[in-house]
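Structural description and commentary
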Amino acid sequence: YQQQCPRTKSEDPVIAGYYANLELPYGTDLETVRKTWKKLISKYHPDKHSSDPEKQRLATELTKGLNHAYRELEKHLKNHSI
C-alpha cells in the first residue's frame, strides 16, 4: 500500500514509503510506529484467513511488507534519535 502524501524536501522517499505502508504520516515516533504495526499485523495475519487460500496468500504478502516497513523504520528511527 503506497499512499501519496505531499513531501517536503527533507523527506527521504524510501522512508516515506515505509511510513505510507504503515498508513502513518512521515516522522511518526517509534512508539506509534510499533503500536500501528502490531495493530495491522493482528488485522491482516495470514492465520486469520486460513479458510481461503487466496486471502491467506494475499495476507502473507501484506504482512511481509508490513514487517519489512516496520524493521526499516525501527532501524531508521533508532539511528536518528538524539
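For the structure itself, look to the data block above.
Residues numbered from 1 in each chain as written. Predicted model: local features only at pLDDT ≥ 70, side-chain atom pairs only at ≥ 80, totals over all residues. Heavy atoms only, no water.

**With respect to the pattern of salt bridges**
Quick reminder of the rule: Put simply, a salt bridge is a Lys or Arg side-chain nitrogen that is within 4 Å of an Asp or Glu carboxyl oxygen. Runs of H or I in DSSP of at least four residues are treated as helices and runs of E of at least two as strands, each being numbered from the N terminus. Using a 1.4 Å probe on the protein chains alone, a residue whose accessible area is under 20% of its type maximum counts as buried, one over 50% counts as exposed, and one in between counts as partly exposed.
Counted by the stated rule, this structure contains six salt bridges. Notably, a salt bridge pairs E31 with K35, separated by 3.1 Å at the nearest N-O pair. Here E31 pairs with K35, and both are found in helix α2 (residues 30-44), just four residues apart, close to one helical turn. K35 gets classed as exposed once you look at its relative accessible area, which sits at 54%. Across the pair R34 and E74 runs a salt bridge whose closest N-O atoms are separated by 3.5 Å. Highlighted residues: R34 in helix α2 and E74 in helix α3 (residues 53-79), separated in sequence by 40 residues. The network of salt bridges with shared partners includes R34, E74 and K78.

**As for the nonpolar core**
Heads up, the condition is: Put simply, a nonpolar core is a bunch of buried Ala, Val, Leu, Ile, Met, Phe, Trp, Tyr and Cys residues held in one set by side-chain atoms that sit within 4.5 Å of each other. Two residues form a contact once any of their heavy atoms are found within 4.5 Å.
In this structure, Y19, L22, V33, W37, L66 and L73 are the most contacted members of the largest nonpolar core, which totals 15 residues. Of all the secondary structure elements, the ones that give two or more residues to this core are α1 (13-21), α2 and α3. Excluding anything up to four places from it in sequence, V33 contacts Y19, L22, L24, T28, Y70, L73 and L77.

**Quick look at the packing of α2 against α3**
This is how the line gets drawn: For every element, the axis is a line fit to its C-alpha atoms; helices are fit only across the contacting stretch, and the angle between N-to-C directions ranges from 0 to 180 degrees. Working definition: roughly parallel below 35 degrees, roughly antiparallel above 145 degrees, roughly perpendicular at 65 to 115 degrees, and oblique for all remaining angles. Only Asp, Glu, Lys and Arg are considered charged, only Ala, Val, Leu, Ile, Met, Phe, Trp, Tyr, Cys and Pro nonpolar, and every remaining residue, Gly among them, polar.
Close contact between α2 and α3 brings their axes to 10 Å; oriented N to C, the two are set at 170 degrees. Relative to α3, the element α2 lies roughly antiparallel. When α2 is examined against α3, the residues L30, V33, R34, W37, L40, I41 and Y44 are found in contact with a partner set consisting of A59, L62, T63, L66, N67, Y70, L73, E74, L77 and K78. Its residues assigned to classes, the contact of α2 with α3 shows twelve nonpolar, two polar and three charged.

None of this, on its own, says anything about what the molecule does.
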